[in-house]
Amino acid sequence: MSKKLTTTPKADNFRMPGEHEAQEAIWIAWPERTDSWQWGAKPAQTDFVEVASVIAEETQVNMIVSSGQYHNARQQLPPHIRVVEMTTDDSWMRDIGPTYVVDDKGHRRAVDWEFNAWGGLLDGLYFPWDSDDAIASKVAEFHGDNYYRAPFILEGGSIHVDGDGTAYTTEECLLHPSRNPDLSKEDLDRYLKEYLNVEKVIWLPFGLYNDVDTNGHIDNLIHVARPGEIVLSWTDDESDPQYKISKEAFEILKSETDAKGRKLKIHKLQTPGPLYITKAEAKGFDVCEGMERSAGERLAGSYANFLITNNRIVFPLLDEATDKLAENTLKEIFPYHDVVGVNGRNILLGGGNIHCITQQIPAIK
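Below is a summary of the structure that appears in this document. Predicted model, so just to flag it, every value in this text is computed and none were measured.

## What to know about the overall build of the protein
Next, step 1: Per the secondary structure count, the protein includes 11 helices and 17 strands.
Next, step 2: Computed over C-alpha atoms, the radius of gyration of the protein comes to 19 Å, within 12% of the 21 Å expected from 2.2 N^0.38 for 365 residues, which places it in the range of a compact globule.
Next, step 3: Oriented by its inertia axes, the alpha-carbon framework of the protein measures out at about 50 × 50 × 45 Å.
Next, step 4: Buried residues in the protein amount to 61% of all 365 residues.
Next, step 5: Put simply, of all contacts in the protein between residues at least 6 apart along the chain, 75% involve residues at least 24 apart.
Next, step 6: When the accessible surface of the protein is split by element, carbon and sulfur atoms take 49% of a total near 14400 Å².
Next, step 7: Each charge class in the protein can be summarised by its mean position, and for the 37 positive and 58 negative side chains these summaries are 4 Å apart.

Here is the structure:
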């Protein structure tokens, strides 16, 4: 049985491992919300099955499913994927699931962040969100792991770490008035160091262009390949609003050192598109005040929204014109990994991609 702890990871000498470190399992939550997902979430479910199946060839996948969708999901998913009945409000596991921390003695614990659906009553995507907020502690309970309940609002997609003392985030998200308006940047910097047990936080100004649903999550702009190496979403088109964001991020990263004093190696990963919602794709959503899916709206498409899971890289296929380039770039960055692309368009229409719908559980040594 797991228990809620009253200390912090830093006080207990637990750190958040990098995504490149060994994993025991990946958690995903089944999509069914009809204002988030087109046509009763059936197209999204198809893509989720593909993502889960590809991951499960390398790492155990646990799929969270509601009671009403349990038999549907079980029938669609391969038998080696574990289906676990839990109640959620939506299916962005990166943000609602636990962030795990480990020590050097082979133990792990979970961090349960406060969750308010990306903005609460100010600009959140839906209400209520209490079922989502309860998921992290339930996953910890499933694994029998103790957990910390952090005293501030944060989503897993708003942070990246290298597992070696450095965290990355964006001011656009963490300093947004819909998250923690009573906390300063210095307060949040201190909290991140306490709950991730990192020595340095590198702040970038903005996330990916028009990533309005998340207020600019870091995982749509960059990915940490390994300590000292960053994958950055990039475009050479100076007329694209993304160019200024990527260039500014590049200049900041180029001038920084990580917690261990390393100069950062930056890999540029071409963005797809630009991609826009088509007239056909704008149909089939239930009306929701918090989410708008209008024809012509630019999508926050990014190949950086991939998952590292043990010896495999799973990345979204988003644009036939750039998919192969993205695959080749990722193969250069990860020469010892199997790089696999899976359909990501229907997930993107919901507001995120492969990294957003997955959450890893580190392996215990």
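The discussion continues.
## Brief notes about the pairing of strand 2 (residues 23–29)
Taken residue by residue, a regular strand's side chains alternate between the two faces of the sheet.
Next, step 1: Within strand 2, 6 of the 7 residues are buried, leaving the element largely enclosed by the surrounding structure.
Next, step 2: Note: strand 2 against strand 3 (residues 60–65), 5 bridges, orientation parallel. The partner of isoleucine 26 across the bridge, within strand 3, is valine 61.
Next, step 3: Between strand 2 and its parallel partner strand 3, the chain crosses via helix 1 (residues 42–56), and the hand of that crossover is right-handed.

## Regarding the side chain of glutamate 229
Next, step 1: Checked against the element boundaries, glutamate 229 lands in strand 12 (residues 229–234).
Next, step 2: Relative accessible area serves as the criterion here: at 16%, glutamate 229 is assigned to the buried category.
Next, step 3: A distance of 2.7 Å separates polar atoms of two side chains, one belonging to glutamate 229 and the other to arginine 226.
Next, step 4: Residues contacting glutamate 229, with those up to four places away along its chain left out, are His223, Val224, Lys265 and His267.

## Here's the deal with the pairing of strand 4 (residues 82–85)
Next, step 1: Note that strand 3 and strand 4 share 4 bridges and pair parallel. Residue methionine 63 lies in a different strand from strand 4, and its bridge partner there is valine 83.

## Quick notes on helix 10 (residues 323–333)
Next, step 1: Along helix 10, the residues that are buried comprise Asp323, Ala326, Glu327, Thr329, Leu330 and Ile333. The arc that holds the buried residues of helix 10, viewed along the axis, is 165°, so those residues lie on one side.

## A look at the sheet that holds strand 3
Next, step 1: Taken in spatial order, the 4 strands make up an open sheet running 4-3-2-17, and their pairing is mixed. This sheet does not close on itself; its edge strands, each paired only once, are strand 4 and strand 17 (359–362). Within this sheet the neighbouring strands show an average axis-to-axis angle of 25°, counted without direction.
Next, step 2: Note: strand 2 against strand 17, 4 bridges, orientation antiparallel. When the bridges of strand 17 are listed, tryptophan 27 appears paired with glutamine 359.
Next, step 3: Against the sheet, helix 1 touches strand 2 and strand 3, its axis set at about 175° to strand 2.

## Concerning empty space enclosed by the protein
Next, step 1: With the rule as written, the count across this model stands at 6 cavities of 30 Å³ or more.
Next, step 2: Each pocket or cavity is described by its volume, and for the largest cavity that value is around 100 Å³.
Next, step 3: Contributing to the lining of the largest cavity are 15 residues, with Met16, Glu19, Arg94, His160 and Gln360 lying nearest its centre.
Next, step 4: Residue assignment for the lining of the largest cavity shows that the elements contributing at least two residues are strand 8 (160–161), strand 11 (222–226) and strand 17.
Next, step 5: Residues that form the lining of the largest cavity fall into these classes: 5 nonpolar, 8 polar and 2 charged.

## What to know about the pattern of salt bridges
Next, step 1: Under the counting rule described, the total for this entry stands at 26 salt bridges.
Next, step 2: Across the pair arginine 262 and aspartate 164 runs a salt bridge, and its minimum N-O distance is 2.7 Å. Separated by 98 residues along the polypeptide, arginine 262 in the loop between helix 9 (241–255) and strand 13 (265–270) and aspartate 164 in the loop between strand 8 and strand 9 (166–170) bring together distant segments of the chain.
Next, step 3: Take arginine 262: its relative accessible area is 30%, and that puts it in the partly exposed class.
Next, step 4: For aspartate 164, a relative accessible area of 24% corresponds to the partly exposed category.
Next, step 5: A salt bridge links arginine 345 to glutamate 281; the shortest N-O distance between them is 2.7 Å. Of the two residues, arginine 345 is situated in helix 11 (residues 345–350) and glutamate 281 in the loop between strand 13 and strand 14 (307–309); the sequence distance between them amounts to 64 residues.
Next, step 6: Its relative accessible area of 22% is what places arginine 345 among the partly exposed residues.
Next, step 7: The class for glutamate 281 is buried, based on a relative accessible area of 14%.
Next, step 8: Residues joined in a network through salt bridges with shared partners are Asp164, Glu199, Asp258, Lys260 and Arg262.

Conventions we followed
- Residues numbered from 1 in each chain as written.
- Predicted model: local features only at pLDDT ≥ 70, side-chain atom pairs only at ≥ 80, totals over all residues.
- Heavy atoms only, no water.
- Helix = DSSP H or I, 4+ residues; strand = E, 2+ residues; numbered from the N terminus.
- Rg over C-alpha atoms; globule rule 2.2 N^0.38 Å.
- Buried < 20%, exposed > 50% of the residue type's maximum accessible area, 1.4 Å probe, protein only.
- Contact = heavy atoms within 4.5 Å.
- Areas by Shrake-Rupley, 256 points an atom, 1.4 Å probe, with all protein chains shown as cover.
- Lys, Arg positive; Asp, Glu negative; His and termini not counted.
- Charge placed at Lys NZ, Arg CZ, Asp CG, Glu CD.
- Pairing = 2+ DSSP bridges.
- Right-handed = clockwise from strand over helix to strand, strands pointing away.
- Polar contact = N/O pair within 3.5 Å; in protein donor to acceptor, adjacent residues only side chain to side chain.
- Arc of directions from axis to C-beta.
- Axes fitted to C-alpha atoms, helices over the stretch in contact; angles between N-to-C directions.
- 1 Å grid on protein atoms, 1.4 Å probe; cavity = no way out; pocket = protein on both sides within 12 Å on 5 of 7 lines; lining within 4 Å.
- Points joined across faces, edges and corners; volume = space filled by probe spheres on them.
- Nonpolar A, V, L, I, M, F, W, Y, C, P; charged D, E, K, R; others polar.
- Salt bridge = Lys/Arg side-chain N within 4 Å of Asp/Glu carboxyl O.

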